[in-house]
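An overview of the molecular structure
Chain by chain, the residues run as shown.
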There are 2 protein chains.
Amino acid sequence: MPRKSAGKPPADPSDSKSARTRERILDAAAHVLSRKGYAGTRLGDVAEQAEIQAPAIYYYFSSREVLIEEVMWVGVARLREHVAEALEALPPDTAPMDRIDTAVEEHLRFQLAISDFATAAIRNAGQVPEDIRTRQLAEERKYGDIWRTLLHDAQKAGELRADLEPRAARMLVLGALNWANEWWNPRQGSLDVVVRTAKSLVRHGLEVPTTREQGGARPSGGSRGRRTATSAGRTA
Amino acid sequence: MPRKSAGKPPADPSDSKSARTRERILDAAAHVLSRKGYAGTRLGDVAEQAEIQAPAIYYYFSSREVLIEEVMWVGVARLREHVAEALEALPPDTAPMDRIDTAVEEHLRFQLAISDFATAAIRNAGQVPEDIRTRQLAEERKYGDIWRTLLHDAQKAGELRADLEPRAARMLVLGALNWANEWWNPRQGSLDVVVRTAKSLVRHGLEVPTTREQGGARPSGGSRGRRTATSAGRTA
DNA sequence: CTCATTATCTAATCTAAATTAGACTATAAT
DNA sequence: ATTATAGTCTAATTTAGATTAGATAATGAG
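- In the annotation of an unreviewed UniProt entry, chain A is listed under the name HTH tetR-type domain-containing protein and assigned to Streptomyces canus.

Some points on the overall build of chain A
- Across its full length, chain A carries 10 helices and zero strands.
- Secondary structure elements of chain A, listed N to C terminal, follow the sequence α-α-α-α-α-α-α-α-α-α.
- Looking at chain A residue by residue over its 236 residues, the buried ones come to 50%.
- Within chain A, contacts between residues separated by at least 24 positions form 76% of all contacts whose residues are at least 6 apart in sequence.
- Surface accessibility of chain A: about 11400 Å² in total, with carbon and sulfur atoms responsible for 52%.

Side note on the UniProt feature "DNA-binding region" (unreviewed entry) in chain A
- Within the UniProt annotation, "DNA-binding region" (unreviewed entry) is assigned to residues 42–61 of chain A.
- Secondary structure over residues 42–61 of chain A splits into 60% helix and 0% strand, and the C-alpha atoms at its two ends are 14 Å apart.

Describing the packing of helix H1 (residues 17–40) of chain A against helix H4 (residues 64–88) of chain A
Residue and element names in this part refer to chain A.
- The geometry of H1 relative to H4 is characterised by a closest axis approach of 9 Å and an angle of 90° between their N-to-C directions. What the angle tells us is that H1 and H4 run roughly perpendicular. For the pair formed by H1 and H4, the contact residues are Arg22, Glu23, Ile25, Leu26, Ala29, Ala30, Leu33, Tyr38 and Ala39 on the first element and Arg64, Glu65, Leu67, Ile68, Glu70, Val71, Met72 and Arg78 on the second.
- The class makeup of the residues in the contact of H1 with H4 is 11 nonpolar, no polar and six charged.

A look at the side chain of Ser200 of chain A
- As for its placement among the helices and strands, Ser200 of chain A is situated in helix H10 (residues 191–206).
- Beyond its immediate stretch of four places on either side in the chain, Ser200 of chain A contacts Gly205 of chain A together with Arg161, Asp163, Leu164 and Gly205 of chain B.

A look at the packing of aromatic side chains
All names here are of chain A.
- Inspection of the entire model under this criterion finds two aromatic pairs over all chains.
- Their ring planes at 85° and their centres at 5.1 Å tell us that Tyr59 and Tyr60 sit as a pair that is edge-to-face.
- The class for Tyr59 is partly exposed, based on a relative accessible area of 44%.
- For Tyr60, a relative accessible area of 15% corresponds to the buried category.
- The ring of Phe117 carries the charged tip of Arg78 above its face, separated from the ring centre by 4.5 Å.

Here we look at the environment of Glu165 of chain A
- Tracing the backbone through its elements, the reader meets Glu165 of chain A in the loop between helix H7 (130–156) and helix H8 (166–178).
- Setting aside chain neighbours within four positions, we find Glu165 of chain A in contact with Val193 and Thr197 of chain B.
- There is a polar contact of 2.9 Å between the side chain of Glu165 of chain A and the backbone nitrogen of Ala168 of chain A.

Here's the deal with the packing of helix H4 (residues 64–88) of chain B against helix H6 (residues 116–123) of chain B
All names here are of chain B.
- Where H4 meets H6, the axes come as close as 7 Å, and the angle between the chain directions of the two elements is 110°. Taken together, the axis directions place H4 and H6 in an arrangement best described as roughly perpendicular. The interaxial crossing formed by H4 with H6 has left-handed handedness. Taken together, the residues of H6 that come into contact with H4 (itself represented by Val71, Met72, Val74, Gly75, Val76, Arg78 and Leu79) are Phe117, Ala118, Ala120, Ala121 and Ile122.

Looking at the pattern of salt bridges
- On inspection of all chains with the given rule, the structure shows 36 salt bridges over all chains.
- We note a salt bridge from Lys199 of chain A to Glu105 of chain A, for which the minimum N-O separation is 2.6 Å. Residue Lys199 of chain A is found in helix H10, and its partner Glu105 of chain A is found in helix H5 (residues 96–114); the two are separated by 94 residues along the sequence. Glu105 of chain A shares its class with Lys199 of chain A; the two are buried.
- A salt bridge links Asp116 of chain B to Arg35 of chain B, with the shortest nitrogen-to-oxygen separation between them at 3.4 Å. In this pair, Asp116 of chain B is assigned in helix H6 and Arg35 of chain B in helix H1 (residues 17–40), connecting sequence segments 81 residues apart.
- The exposure class assigned to Arg35 of chain B is partly exposed, which follows from its relative accessible area of 46%.
- Bridged by salt links that share partners, the residues Asp98, Asp101, Arg203 and Glu207 of chain A form one connected network.

Side note on the nonpolar core
- Counting 134 residues, the largest nonpolar core has Trp147 and Leu206 of chain A together with Trp147 and Leu206 of chain B as the members making the most contacts within it.
- Here this core gets 11 residues from one element, more than from any other, and that element is helix H8 (residues 166–183) of chain B.
- Residues contacting Leu206 of chain B, with those up to four places away along its chain left out, are Leu201 of chain A together with Met97, Ile100, Leu151, Glu159, Leu160, Arg161, Leu164, Ala169 and Val173 of chain B.

Examining the side chain of Ser34 of chain B
Residue and element names in this part refer to chain B.
- Locating Ser34 in the fold gives a position in helix H1.
- The exposure class of Ser34 is buried, given its relative accessible area of 4%.
- Within polar-contact distance, the side chain of Ser34 engages the side chain of Arg35 at 3.1 Å.
- Ser34 has contacts with Asp116, Thr119, Ala120 and Arg123, leaving out every residue within four places of it along the chain.

Rules of the game
Residues numbered from 1 in each chain as written. Chains lettered and ligands numbered in written order. Predicted model: local features only at pLDDT ≥ 70, side-chain atom pairs only at ≥ 80, totals over all residues. Heavy atoms only, no water. Helix = DSSP H or I, 4+ residues; strand = E, 2+ residues; numbered from the N terminus. Buried < 20%, exposed > 50% of the residue type's maximum accessible area, 1.4 Å probe, protein only. Contact = heavy atoms within 4.5 Å. Areas by Shrake-Rupley, 256 points an atom, 1.4 Å probe, with all protein chains shown as cover. UniProt positions renumbered as here; feature names shortened; annotations may be inferred. Axes fitted to C-alpha atoms, helices over the stretch in contact; angles between N-to-C directions. Parallel < 35°, antiparallel > 145°, perpendicular 65-115°, else oblique. Nonpolar A, V, L, I, M, F, W, Y, C, P; charged D, E, K, R; others polar. Phe/Tyr/Trp six-rings, centres within 6.5 Å; stacked < 30°, edge-to-face > 60°. Lys NZ or Arg CZ within 6 Å of the ring centre and 35° of its normal. Polar contact = N/O pair within 3.5 Å; in protein donor to acceptor, adjacent residues only side chain to side chain. Left-handed = near helix turned anticlockwise from the far one by under 90°. Salt bridge = Lys/Arg side-chain N within 4 Å of Asp/Glu carboxyl O. Core = buried A, V, L, I, M, F, W, Y, C linked by side-chain atoms within 4.5 Å.

Put into structure tokens, the structure is as follows:
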């Protein structure tokens, strides 16, 4: 492992040559793992992608499993951060269903277009050995909390249909998004189209049907009849 | 391989001892593969589950890959047959969206409660080596055709919202269902609840909102009154 | 310039499974 | 009973990769 005091270039721990090589290996592992799957991930392939020899990996990671586990952990962590930041950037009064829209879009874009780590984590969740799986679950739960909250808020606001069981609805929605890793490919369709379709599908799938008759919205009781178009969008 | 003319019990090819052992191995492989994944499936585990010794597998299958490929092929084939039969059993005048309801329910029930083969096929679709994957794709396309038709019919009948891109919508719906293998477990919730939630989610997710005010249902050409709301896109 | 360490390489080892060999057993036809 | 063949077992053999050993290079500190 990279020791401390010695002949090391920049005292900066985050950008030393060592740190960069480690990153390169991690990136390479995410690349391979996201495409070949847990079984198909050879340290030889990772090394090749990182432009080193396989044994050099052991200078930074104590084993193949440890390397893979870190990739998967990073994958979920970054996905969570990405979605969380997108949500935090929304105006505080954004309607619950619009927040879900954002989460759907960011989850999809992040895993499909941005991060091999997220793809690796999602696609291999059910393939890794027991012990990795267990620790991974803890991290996944944290991400799940975001969605739990999103749906819960929608429910409180009366925007969620009552016939939906919250947990099942949440997992089904996440499943629709996660599974996109299995079929979407930039060569056969635009990501925007997928995002647009997913947002519509999820919104209408969850939302209480709007009774928009010309008679005027009946502001019965509480905060129904939301509407709230939020900020500039990327809709076509 | 089981030869022909010799000391064989029943001339019936489908129920010979040989055929039954072969089945047992196939079932065992589906059992293990559906739970442990492609990487984790050891012939030793399969053999144990089938109550034989590992090398005996080679009497029926020429290699681990051949065995796994057959499990996966059977998985998709049976899933397709199951869903197809359920659809054929419906009254001929069943509305497109009700047919989709049926497909959702049967797909879910079959994979979650009935067939390890379907689970194995779905969960490992993206994990098997290239050559298996390619052949598997052909079989999957046949199943996909059922769904393509379902959505297409719904579209023709004006029951499908126009803002949904058909292929993306189909894959997202199938993803929601397929992913259930990753999280559903009989110990933490009733399958009925999942099925009910999925049906509702999919129906409302796809369907043109019903204007069930005192007038009749008006599947008018355009989709008026659209919802606006667009997330704040592309966050930094 | 020389040294201490880091970083990386090449050449073994090790090991878990898959696969093969070859013997043994069970069964039904004769 | 005898025997041919199916079916199964135990004991090798093989092999792909992970992991280790043991040099060898690179580099900043002094």
